[in-house]
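Architecture at a glance
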Amino acid sequence: MTFDDAPETPLLRQLKARIAARGPISVAEYMSIALGDPVHGYYTTRDPLGVAGDFTTAPEMSQMFGELVGLWLADRHAAGAAGTILAELGPGRGTLMADALRASPALAVLPLWLVETSTTLRAEQGKRLTRAQWVDRPDALPDAPLLLVANEFVDALPVRQYIADAGGWREVQIGLDPDGRLAFGLSGRLPPPAGGAPPAPGAWREESPAAETAIAEIARRIAMHGGGALIIDYGYGAEDRPAGPTMQAVRRHERADPLEAPGEVDLTWLPDFDALASTARAAAPVEAWVTTQGQFLVELGIGQRAAALAAARPGEAAAIADALERLVMADAMGERFKVLAILPADHPRPPGFDPATPLPGRTA
Ligand code: SAH
């Protein structure tokens, strides 16, 4: 132990003891313990959102985000099936849904189901969404036509990472270095995929069984009962695939070391939205589209909504203009955040997914 060591978090002590006894763990196991441990997990022990917390999400920046998501969902419900339920995965403080319900009275009469594991955040959600009912997992939602939104939920689910060398794929693991600190390492070579070409050395891939299960579950429900879903996150597609594995840590709005203080820093990864769309299509007969957050919000009219809000509240005009820029501009959230829509088979392309919509701030 050296003098610059920060005090160990309880989870750091537990993880070191476990790895010393039983060997390295996968990145997914690490994330699952660091974020979800029932006593010391990051989401179990705190509300991480907002200026005083670790990160700020789109609904926490502006009411416009939840309002437009609500309009999209209400529009999918216009042809509405009887018995439809409204659901959100990982609702944080409940801000998005509160804004959606206020803007769309047609949604406010539907049964509201929240998928949330954190009792701390369930309590926050209950303050704003008094009619809500909670479950732990998407597959525990009632069987019914489903209108669903998930913002920054998929990126919090555990992810496995693989890196190839000349001999084939190896899994990224977390073990102990000679000084007994947590350190990244690689598993032995994994058996080559049957029939597939060997991977190029340096190739990488990430797989989140939990994300795939959630997306497949949503797709099956929408195929069977009808409805529609929006999955929104910081992620990538074929055009902007990162150079390497994407798990990262954030603490007080700054990048942090993911191994330093498990349970006290947020851990996320960047989903591949083309892969999420493929997972949905493979699970059930559904349509799946992907666009950027900027294009989605612009096409749904966020410019007009911002103008109307600023006219109604002149004192807040500068803050409204600032939030608008952060949500839609390509160099802010507009391009890096992606939106996946899942709709029943043969549904026409929904509003917000026209690829011709110009992305503000992009000069290409
Ligand atoms: N959607 C909110 C909060 C995003 S933070 C917003 O945009 O502001 C991630 C949310 O997902 C939190 O509510 C967290 O408690 C929840 N969460 C994380 N892992 C989860 C899991 N495995 N099952 C259910 N909810 C989870």
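In this report, the structure presented in the accompanying data block is examined. (Residues numbered from 1 in each chain as written. Predicted model: local features only at pLDDT ≥ 70, side-chain atom pairs only at ≥ 80, totals over all residues. Heavy atoms only, no water.)

Helix and strand content of the chain: 14 helices and 15 strands. For the chain, whose C-alpha radius of gyration is 21 Å, the value lies close to the compact-globule estimate of 21 Å for 364 residues. C-alpha extents for the chain along the principal axes are approximately 60 × 50 × 45 Å. Counting across all 364 residues of the chain, residues that qualify as buried make up 51%. Sequence separation of at least 24 residues holds for 74% of the intrachain contacts in the chain that already meet a minimum separation of 6. (Helix = DSSP H or I, 4+ residues; strand = E, 2+ residues; numbered from the N terminus. Rg over C-alpha atoms; globule rule 2.2 N^0.38 Å. Buried < 20%, exposed > 50% of the residue type's maximum accessible area, 1.4 Å probe, protein only. Contact = heavy atoms within 4.5 Å.)

Moving on to the pairing of strand β9 (residues 204-207). Residue alternation in β9 divides its side chains into a buried set, Trp204 and Glu206, and an unburied set, Arg205 and Glu207. Where strand β6 (residues 160-165) and β9 come together, 4 bridges link them in antiparallel fashion. Residue pairing for β9: arginine 160 is matched across the bridge by glutamate 207. (Pairing = 2+ DSSP bridges.)

Lining the immediate environment of the ligand, one finds 17 residues, of which Thr57, Gly90, Gly92, Glu116 and Asn151 sit closest. Note that an oxygen atom of the ligand is positioned 2.5 Å from one of the side-chain N or O atoms of glutamate 116. The contact in question runs from a nitrogen atom of the ligand to an N or O atom on the backbone of asparagine 151, over 2.7 Å. About the coverage of the ligand: the protein hides 91% of its 570 Å² of free accessible area. Tallied by class, the residues present in the shell around the ligand amount to 9 nonpolar, 6 polar and 2 charged. (Near = heavy atom within 4 Å. Polar contact = N/O pair within 3.5 Å; in protein donor to acceptor, adjacent residues only side chain to side chain. Areas by Shrake-Rupley, 256 points an atom, 1.4 Å probe, with all protein chains shown as cover. Nonpolar A, V, L, I, M, F, W, Y, C, P; charged D, E, K, R; others polar.)

By the definition in use, this model includes 5 aromatic pairs. Where phenylalanine 296 meets phenylalanine 353, the ring centres are 5.6 Å apart and the plane angle is 65°; that geometry is what we call edge-to-face. Taken together, the residues phenylalanine 296 in helix α11 (residues 293-299) and phenylalanine 353 in the segment after β15 (337-344) connect sequence positions 57 residues apart. Residue phenylalanine 353 is classed as buried on the basis of its relative accessible area, which comes to 2%. What links up through ring pairs into an aromatic cluster is the set Trp72, Phe296 and Phe353. Across the ring face of tryptophan 72, the terminal group of arginine 76 is positioned such that the distance to the ring centre comes to 5.0 Å. (Phe/Tyr/Trp six-rings, centres within 6.5 Å; stacked < 30°, edge-to-face > 60°. Lys NZ or Arg CZ within 6 Å of the ring centre and 35° of its normal.)

Before going further, it helps to spend a moment on the pattern of salt bridges. This structure, assessed with the given rule, holds 23 salt bridges. The shortest N-O distance in the salt bridge between arginine 251 and glutamate 260 comes to 3.8 Å. Residue glutamate 264 is joined to arginine 251 by a salt bridge in which the shortest nitrogen-to-oxygen separation is 3.2 Å. Of this pair, glutamate 264 sits in the loop between β12 (254-256) and β13 (266-268) while arginine 251 sits in strand β11 (residues 248-251), placing them 13 residues apart in sequence. One continuous salt-bridge network, built from bridges that share partners, spans Glu67, Asp99, Arg102 and Arg305. (Salt bridge = Lys/Arg side-chain N within 4 Å of Asp/Glu carboxyl O.)

We now examine the environment of aspartate 331. The residue aspartate 331 is located in helix α14 (residues 330-334) in this model. As for aspartate 331 and phenylalanine 65, which are separated by 266 residues in sequence, their C-alpha atoms are 18 Å apart.

So, on to the layout of surface pockets. The gaps of empty space that remain are located by a probe, the size of a water molecule, rolled over the atoms. Volume-wise, the largest pocket comes out at about 1,000 Å³. Glu116, Thr117, Phe153, Ala156 and Leu157 are, among the 44 residues lining the largest pocket, the residues nearest its centre. When residues of the lining of the largest pocket are traced back to their parent elements, those giving at least two are α2 (27-36), α3 (42-45), α4 (58-61), α6 (95-103) and α9 (209-225). By residue class, the composition of the lining of the largest pocket is 20 nonpolar, 13 polar and 11 charged. A volume near 550 Å³ is recorded for the second largest pocket. Contributing to the lining of the second largest pocket are 21 residues, with Phe55, Tyr234, Gln248, Val250 and Phe337 lying nearest its centre. (1 Å grid on protein atoms, 1.4 Å probe; cavity = no way out; pocket = protein on both sides within 12 Å on 5 of 7 lines; lining within 4 Å. Points joined across faces, edges and corners; volume = space filled by probe spheres on them.)

Moving on: the sheet that holds β13. Pairing within the open sheet is antiparallel, and its 3 strands lie in the order β12-β11-β13. Looking at the sheet topology across the chains shown, the edges are occupied by β12 and β13. Taken over all neighbouring pairs, the strand axes of this sheet differ in orientation by 40° on average, direction set aside. Bridging between β11 and β12 involves 3 bridges; their strand directions are antiparallel. Along β12, the bridge assignment pairs alanine 249 with alanine 256. (Axes fitted to C-alpha atoms, helices over the stretch in contact; angles between N-to-C directions.)

A rise of 1.5 Å per residue sets the reference length of helix α13 (residues 317-328), with its 12 residues, at 16 Å; its end C-alpha atoms lie 17 Å apart and thus fit the reference within 8%. Looking at α13, one finds that the buried residues are Ile320, Ala323, Leu327 and Val328. In a view along the axis of α13, the buried residues occupy a sector of 110°, so they form one face of it. Residues of α13 that are buried sit in contact with α4, α5 (63-77), α11, α12 (302-312) and α14. (Expected span 1.5 Å × (residues − 1). Arc of directions from axis to C-beta.)

Moving on, we come to the packing of α5 against α6. Axis separation between α5 and α6 bottoms out at 7 Å; the angle between their running directions is 60°. By the angle class used here, α5 and α6 are oblique. The handedness of the crossing between α5 and α6 comes out as right-handed. Listed contacts from α6 to Gln63, Phe65, Gly66, Glu67, Val69 and Gly70 of α5 are Leu96, Asp99, Ala100, Arg102 and Ala103. By residue class, the composition of the contact of α5 with α6 is 5 nonpolar, 3 polar and 3 charged. (Parallel < 35°, antiparallel > 145°, perpendicular 65-115°, else oblique. Left-handed = near helix turned anticlockwise from the far one by under 90°.)

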